[in-house]
Amino acid sequence: MPHRVLVVDDAMFMRAMIRDILVNSGAYEVVGEAANGEEAVAQYKALKPDLVTMDIVMPQMDGIEATREIVKFNSKARVVMCSALGQEALVIESIAAGAKDFIVKPFSAEKVLKVLDSAVTG
Amino acid sequence: MDLSKYLDLYLSESREHVSGLRREIPAEGVVPPGAVNELFRRAHSLKGMAASMGFEATSRLSHGLESLLNQWRQGHPATSEQLQSALRAVDVLDASLDAVQRDSGDGAIAPQAEEALAFLLEARGDVPGEGPGAAPAPGMAPEPAKPRNEDRSVTATADGQAFRARIKVAIDPSCALPAARLMVMAERIRAAEPMSVMEPDLERAKREGIRLAVFHLPQGPGLKDLARSLRELPDVALVELEQDTPPPARAAAGGTLMQTMRVSAEDLDGLRAHATDLLYGLNQYEASLSAGERRSHRFWLESERAHLNRLFDQVLSMRLVSFEVLAERLARTVRDLAGRLGKPALITVSGAEERVDRGLLETLLDPLTHLVRNAMDHGVESQEERRRAGKPGEARLSLDIRRESEALLISLEDDGRGIDAEVIRQAAVERGLYAPHEAALLDRAKLLDLLTVPAFSTRKEVSDVSGRGVGLDVVRSAVESVGGHLEMNSEEGKGSRFTLVIPSATTLTRVLVFGWDEDVRYGIPASQIRHIYPLSTFPLVWSGDHRYLQAGDDFLPVLEWRPAPVGRSGAALRLIGPGGDRVLLVSSVYQGERVVIMPWGPPLEMISEWMGGALLATGEIAYILDGRVLVMQEGD
């Protein structure tokens, strides 16, 4: 049974890309999408997905804050940050906030899946 | 049961104990109470091992020795006969190991062992309640109060910070956020083992872009699984789990953990050659990179180089052995000759803890044995003659090993009759080496030097009369073969001293690499340099015909050696001199590096300020200067 994923990114393009990678793998299904932190938290609470991919820089509530909220709601939540180059400090902050791992843009399908596979089982 | 596979183990462990016994049993005087337990334990271990291997003579003799030591352990002071008999037993035990090594059995030494055992029993005498019959039977001997193994495990667990396992991780160079990756790993590890400590810490890893880390952990059952799950993470180039071997559950009766193993010198040489090749290859690789690549690979390059340097050092240090092995052998020769020639003699050894390259030690064995034999044979007078000369009946020999600056000095001194220079003078004329009027002009040093001339020294009549000479040419050529020289001092009636001066050829020397132009690299041992002054800040001043470097209140004379124009971008190396420091002006200072200095062969070695050449890590050759000689040469 595929793992249920919530994809969070303010750019639809990025969400589409991630969705394709996930769906094509056959191991994941995208159960929800969110374009900012507040939506993400609400969606998480409603959908209780197995995994969240979380963009860091977003309007309203950023990914770090959203991660903090989600982990507060479910300490076992599995959140993987989507980062760009040069955001190391933010990624480290996210991990401190409870994120399990991170992927770096530009995404390669192989690497994304490797990270997600490891996060979903670890 | 096939015991042959244990033979190497038996030999290496037993040798350790025999060496220990020899080191710790004094030739005379009092055995320190603290040492007795250790001695007893050694004899006991030897006995147990020999018995397990079926070496009966060895095991009987160690049992006899153990019984004597047990007697000391119970507070009976060691008599001089007992000490002698114990040392003799140790000699035979040593010989038994040679026999075992040669023909896998100790049968060859059985007669000597019986003899030595008889001596032991005789020397033991009849201590009330401690007759030979009361000696502990094999396997029933009282155990030393505290077996070593136990001690170790106690200290390790009493320490709250006992990290016994390490996970080393390396992040793949393609990973854009290595510190974040390290943090993910740190979190995973912490989830499994909250006590873990990461080195370097995350802050530093982030700041410096470090991609390697070590996690220190207490030992636990889940570590293998943890390491496996870490390997599954992305961007991970390497995950290595290291666990300290748990302390042995069995605090064996008299048995000890195998702590050393024998490795052939050839294997070590091979290892060293590979380490050198790797280091060289890394430097070549680095040289082929562009500046940008070098910057982005800096951390990898540096950490690889640090690893290789450590490997290289470790291999070199494995080749180092303590001088004790050789010193013990020489002491044995003295004891042996003292008995055979009827000339009681005592040898004292100092500095035997000095560690030298194994190959060097092997080269020195023959010449030093020669010198000891010479001293006992010819130098030391008969007891009667000594008494007539007002000397103590027992001759004194001393073997002294020490380091002076970069050189190793080994001297053997005796209090024998010394060398009669006139006899050498006469013989020189007789042999047609010098005309009488020429010979009359030769000073003492020159005459002594004649003893090392091959055609001269082998003349038996000379050596017999002069008291010295047999094989001195051999000694000299052996020392010279490792780039050293032989110094002789002898005073008639008082004794002689022979000093082997060995340059640091086979050890690592830290040198500062510098140059006067782009093409050629020079070096000076760092131990000879007190300070480096940049000429941009420290001015040169003239006074009369001399230039001085002004460093605070100090005016340091400039060495006008090979004067080359040195601009303000250059530096002054302050060389340590016995009569005051001097500075050498150089155009550029490159780096400090640990090198093996290879002495030049003749005739270059005659130019005394040159110590030799060295291969730098970059593959270049550096010419190594002797700072001490430079400073002296310039002396006004």
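Residues numbered from 1 in each chain as written. Chains lettered and ligands numbered in written order. Predicted model: local features only at pLDDT ≥ 70, side-chain atom pairs only at ≥ 80, totals over all residues. Heavy atoms only, no water.

### Here we look at the overall build of chain A
Stage number 1. The helix and strand inventory of chain A stands at five helices and five strands.
Stage number 2. Tracing chain A from N to C terminus, the helices and strands come up as β-α-β-α-β-α-β-α-β-α.
Stage number 3. Expressed as a percentage of its 122 residues, the buried residues of chain A come to 48%.
Stage number 4. In chain A, of all internal contacts separated by at least 6 residues, the share reaching a separation of at least 24 is 64%.
Stage number 5. Carbon together with sulfur atoms contributes 55% to the accessible area of chain A, which is approximately 5,400 Å² in total. (Helix = DSSP H or I, 4+ residues; strand = E, 2+ residues; numbered from the N terminus. Buried < 20%, exposed > 50% of the residue type's maximum accessible area, 1.4 Å probe, protein only. Contact = heavy atoms within 4.5 Å. Areas by Shrake-Rupley, 256 points an atom, 1.4 Å probe, with all protein chains shown as cover.)

### A word on the sheet that holds strand S18 (residues 571-575) of chain B
All names here are of chain B.
Stage number 1. Strand order in the open sheet made by the three strands is S14-S18-S19, with antiparallel pairing throughout. Each edge of the open sheet is held by one strand with a lone partner, namely strand S14 (529-534) and strand S19 (582-586). Across the sheet, the axes of successive neighbouring strands diverge by a mean angle of 25°, strand direction being ignored.
Stage number 2. In terms of strand pairing, S18 meets S19 through five bridges, oriented antiparallel. (Pairing = 2+ DSSP bridges. Axes fitted to C-alpha atoms, helices over the stretch in contact; angles between N-to-C directions.)

### Overview of the interface of chain B and chain A
Stage number 1. If you look at the interface, chain B gives 17 residues, while chain A gives 19 residues.
Stage number 2. Of the roughly 1,500 Å² buried at the junction of chain B and chain A (both faces included), carbon and sulfur atoms supply 67%.
Stage number 3. Where chain B meets chain A, there are two salt bridges.
Stage number 4. As a salt-bridge pair, Lys111(A) and Asp235(B) come within 2.6 Å of each other at their nearest N and O atoms.
Stage number 5. At the boundary of chain B and chain A, one finds five residue pairs in polar contact (both at pLDDT 80 or more).
Stage number 6. Looking at the side of chain B that touches chain A, the elements with two or more residues in it are helix H7 (178-192) and helix H8 (202-208) of chain B.
Stage number 7. A class-by-class count of the residues in the side of chain B that touches chain A yields ten nonpolar, one polar and six charged. (Buried area = accessible area lost by both parts, 1.4 Å probe. Salt bridge = Lys/Arg side-chain N within 4 Å of Asp/Glu carboxyl O. Polar contact = N/O pair within 3.5 Å; in protein donor to acceptor, adjacent residues only side chain to side chain. Nonpolar A, V, L, I, M, F, W, Y, C, P; charged D, E, K, R; others polar.)

### Side note on the pairing of strand S3 (residues 51-55) of chain A
Residue and element names in this part refer to chain A.
Stage number 1. Of all five residues that make up S3, five are buried, and the element is covered over most of its length.
Stage number 2. A two-sided burial pattern is seen for S3, the buried positions comprising Leu 51, Thr 53 and Asp 55 on one face and Val 52 and Met 54 on the other.
Stage number 3. By the bridge criterion, four bridges tie strand S1 (residues 3-8) to S3 in an arrangement that is parallel. Across the sheet, the residue bridging to Val 7 is Thr 53, located in S3.
Stage number 4. The pairing of S3 with strand S4 (residues 79-83) spans four bridges and is parallel. The residue bridging Met 54 from the neighbouring strand is Met 81, located in S4.
Stage number 5. Traced from S3 through helix H3 (residues 63-73) to S4, the parallel crossover comes out right-handed. (Right-handed = clockwise from strand over helix to strand, strands pointing away.)

### Observations regarding the confidence of the model for chain B
All names here are of chain B.
Stage number 1. Confidence in the prediction for chain B averages 78 pLDDT; 84% of positions are at 70 or higher.
Stage number 2. Here residues 247-258 scores under 50 on pLDDT; set against residues more than four positions off or in separate chains, the count is 20 contacts.
Stage number 3. A low-confidence stretch, residues 458-469 (pLDDT under 50), is modelled with 34 contacts involving residues beyond four sequence positions or located in other chains.
Stage number 4. This prediction of the complex comes with two scores: 0.40 for pTM and 0.81 for ipTM. (pLDDT = per-residue confidence, 0-100.)

### Considering the packing of aromatic side chains
Residue and element names in this part refer to chain B.
Stage number 1. Per the counting criterion, the structure on display carries nine aromatic pairs over all chains.
Stage number 2. With centroids separated by 6.2 Å and ring planes inclined at 20°, the aromatic side chains of Phe 514 and Tyr 522 adopt a geometry described as stacked. In this structure, Phe 514 and Tyr 522 share a single accessibility class: buried.
Stage number 3. Taken together, the aromatic side chains of Phe 514, Trp 516, Tyr 522, Trp 610 and Tyr 623 make up a single cluster linked through ring pairs.
Stage number 4. A cation over an aromatic ring shows up here: Arg 73 above the ring of Phe 40, its NZ or CZ 3.9 Å from the ring centre.
Stage number 5. Cation over ring: Arg 521 sits above Tyr 590, and NZ or CZ is 3.8 Å from the ring centre. (Phe/Tyr/Trp six-rings, centres within 6.5 Å; stacked < 30°, edge-to-face > 60°. Lys NZ or Arg CZ within 6 Å of the ring centre and 35° of its normal.)

### What about the packing of helix H3 (residues 56-73) of chain B against helix H5 (residues 110-124) of chain B?
All names here are of chain B.
Stage number 1. Contact geometry of H3 with H5 gives a least axis separation of 9 Å together with a crossing angle of 15°. Of the possible angle classes, the one that applies to H3 and H5 is roughly parallel. H5 is crossed by H3, and the crossing has left-handed handedness. Judged by residue contacts, Ala 57, Arg 60, Leu 61, Gly 64, Leu 65, Ser 67, Leu 68 and Gln 71 of H3 engage Ala 110, Ala 113, Glu 114, Ala 116, Leu 117, Leu 120 and Arg 124 from H5.
Stage number 2. Its residues placed into classes, the contact of H3 with H5 shows nine nonpolar, three polar and three charged. (Parallel < 35°, antiparallel > 145°, perpendicular 65-115°, else oblique. Left-handed = near helix turned anticlockwise from the far one by under 90°.)

### A short note on the sheet that holds strand S16 (residues 546-551) of chain B
All names here are of chain B.
Stage number 1. If you trace the three strands from one edge of the open sheet to the other, you get S15-S16-S17, paired in antiparallel fashion. Of all strands in the sheet, those with a lone pairing partner are strand S15 (540-543) and strand S17 (554-557), marking the two edges. This sheet shows a mean twist of 40° between the axes of neighbouring strands, independent of strand direction.
Stage number 2. As defined by bridge partners, S16 adjoins S17 across four bridges and the pair is classed as antiparallel. If you follow Ala 551 over to S17, its bridge partner there is Asp 554.

### A look at the nonpolar core
Stage number 1. Among the nonpolar cores identified, the biggest contains 54 residues, and Met54(A), Met185(B) and Phe215(B) are the most heavily contacted of them.
Stage number 2. With 47 residues, the next largest nonpolar core counts Val334(B), Leu408(B), Ile424(B) and Met488(B) among its residues. (Core = buried A, V, L, I, M, F, W, Y, C linked by side-chain atoms within 4.5 Å.)

### Looking at a nonpolar patch on the surface
Stage number 1. A cluster of nonpolar side chains, namely Met598(B), Leu615(B), Ile621(B) and Tyr623(B), defines an oily patch on the protein surface of about 360 Å² accessible area.
Stage number 2. For Leu615(B), a relative accessible area of 45% translates into the label partly exposed. (Patch = residues over 30% accessible without salt bridge, like charges linked within 9 Å, V, L, I, M, F, W, Y side chains within 5 Å.)

### Side note on the pairing of S1(A)
Stage number 1. Where S1(A) meets strand S2 (residues 28-34) of chain A, six bridges bridge the pair, whose relative direction is parallel. Along S2(A), the bridge assignment pairs His3(A) with Tyr28(A).

### What about the environment of Ala439(B)?
All names here are of chain B.
Stage number 1. By secondary structure assignment, the location of Ala 439 is in helix H17 (residues 436-439).
Stage number 2. By relative accessible area, Ala 439 is classed as buried at 1%.
Stage number 3. A sequence separation of 15 residues divides Ala 439 from Ile 424, and the C-alpha atoms of the two residues are 9.6 Å apart.
Stage number 4. The contact partners of Ala 439, leaving out residues within four places of it in the chain, are Arg 425, Val 429 and Tyr 434.

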